[in-house]
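# Coordinates in review
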Amino acid sequence: TIWEGGPVVHRANHLKELIKPLRLSMYSFTEDGVRSSLESLFDEEAIIHLSHPFGDILGPTSFYNQALKPLFESMPDLERRDYIVIAGKTEKDLHWVGCAGFYNGTFLKSFLDIPPTGHIAHMRFHEFYCFQEDKIIEVQALWDIPELMMQSDSWPMAPTLGREWCVPGPATMDGISDSPYDPEKSDASMEHILGMANAMKKHPSEGGPEVMKMDYYWHPKMNWYGPSGIGSGRGIEGFRNWHQIPFLNAMPDRGKDTTYSKRDGWGDQIGYHFFGDGEYAAVTGWPNMKQTLTHDGWMGIAPSNKEVFLRSLDFWRLEEGKIRENWVMIDILDIYDQIGVDVLGRLREFNKAKNINGN
């Protein structure tokens, strides 16, 4: 807890208040306003991990110039809309704030060579911010760049099995709350998610679908909101049919190998940062899964027998003691890059007859 000249405020609430000016500056997006918010909140040496093709960026100035500015130039009326903002401390005593929502605006100029549409467009994000004292020292963020490809009719990948749509916020509309932090409820939510994750890992190596105890952990009317390329599913059957079965068919060793490895000259340590906040829980990790593409069936990717790392940043909402909603982001473009497929290059080939510069 911290003292703010009045009532004692839990650190989770304090951090959500700290990040609020940054979120609001991006809602009414101006270069000066966003730059100022970044510089005041970020440590100068903060490491920003972004989805492919951006990669790792050092410091708030580079974050703006290399990622946010190109997006703003593509959508001059850009606005950020958060529908989940939660905070908590992990088992490693790290303090994180997790935000989910979407960027939207009029898509007037190409972004990463994705042809503009001239219409309103949206791009989901899951962004996690690690605080040390009152400064952000690390960001782990995924933007659903394939979602923009789909809206611009320039889709270069296999058709999606699930439902593609503008993923909604929480049904209860309480994803952003200034209610006092409830440690007991938050811990219970996190423990439920950890139990679910451990049960999930038992299938298929330790038995059939029953070992996952889906009915125990998941609400019968659950919604699973996946990234573009996978799509969303309704209910346990929807989740299994449109995501889990193809995923496990292709990579049956999912979650079994957590050893240290090297990639592109830098180290990958599989790890998780779980935390809870009331009825919500979240996980971030860069990367947080490692498996081998040994079989066909997932997103139309041919089996390459290559080991791949996954960056999956997730939010869950519990209702009646079970998971009612699950928002999932995976760095799809990075997975393709690891197996030697340049999705953005393929997009350029598909669309080279168009005026991709938007001029």
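No experiment lies behind these values; they were computed from the predicted model shown. (Residues numbered from 1 in each chain as written. Predicted model: local features only at pLDDT ≥ 70, side-chain atom pairs only at ≥ 80, totals over all residues. Heavy atoms only, no water.)

## Focus on the pairing of strand β6 (residues 95-106)
In terms of residue burial, β6 counts as a mostly covered element, since 10 of its 12 residues are buried. Linking strand β5 (residues 79-89) back to β6 in an antiparallel pair, the connection comprises five residues, with D93 at a positive phi of about 60°. The pairing of β6 with strand β7 (residues 120-132) spans 12 bridges and is antiparallel. The residue bridging G101 from the neighbouring strand is F125, located in β7. (Buried < 20%, exposed > 50% of the residue type's maximum accessible area, 1.4 Å probe, protein only. Helix = DSSP H or I, 4+ residues; strand = E, 2+ residues; numbered from the N terminus. Pairing = 2+ DSSP bridges.)

## What about the sheet that holds β5?
Either a parallel or an antiparallel arrangement is found when strands of a sheet pair, and the pairing is made through backbone hydrogen bonds. Taken in spatial order, the six strands of this open sheet run β4-β3-β8-β7-β6-β5, and their pairing is mixed. Edge positions in the sheet fall to β4 (55-58) and β5, since each has one partner strand and no second. Put simply, the sheet's adjacent strands are angled 15° from each other on average, direction ignored. Where helix α3 (residues 60-74) meets the sheet, its contacts fall on β3 (42-50), β4, β6, β7 and β8 (135-143), and the angle it forms with β3 comes to roughly 55°. (Axes fitted to C-alpha atoms, helices over the stretch in contact; angles between N-to-C directions. Contact = heavy atoms within 4.5 Å.)

## Structural notes on empty space enclosed by the protein
Counting across every chain of the model gives three cavities of 30 Å³ or more. Volume-wise, the largest cavity comes out at about 50 Å³. Surrounding the largest cavity, S51, H52, L142, W143, I145, P146, M329, I330, D331, I332 and L333 form its lining. Listing elements by their share of the lining of the largest cavity, those giving two or more residues are β8, α4 (145-151), β18 (322-330) and α8 (332-338). By residue class, the composition of the lining of the largest cavity is eight nonpolar, two polar and one charged. (1 Å grid on protein atoms, 1.4 Å probe; cavity = no way out; pocket = protein on both sides within 12 Å on 5 of 7 lines; lining within 4 Å. Points joined across faces, edges and corners; volume = space filled by probe spheres on them. Nonpolar A, V, L, I, M, F, W, Y, C, P; charged D, E, K, R; others polar.)

## Remarks on the environment of I114
With respect to the secondary-structure elements, I114 resides in the loop between β6 and β7. Note on I114: relative accessible area 0%, which makes it buried. In this structure the C-alpha to C-alpha distance between I114 and W286, which are 172 residues apart in sequence, comes to 26 Å. If we skip the residues at most four places from it in the chain, I114 touches F107, I145, L148, M149, S152, S154 and L347.

Read these as layout, nothing more, since geometry by itself doesn't imply function.
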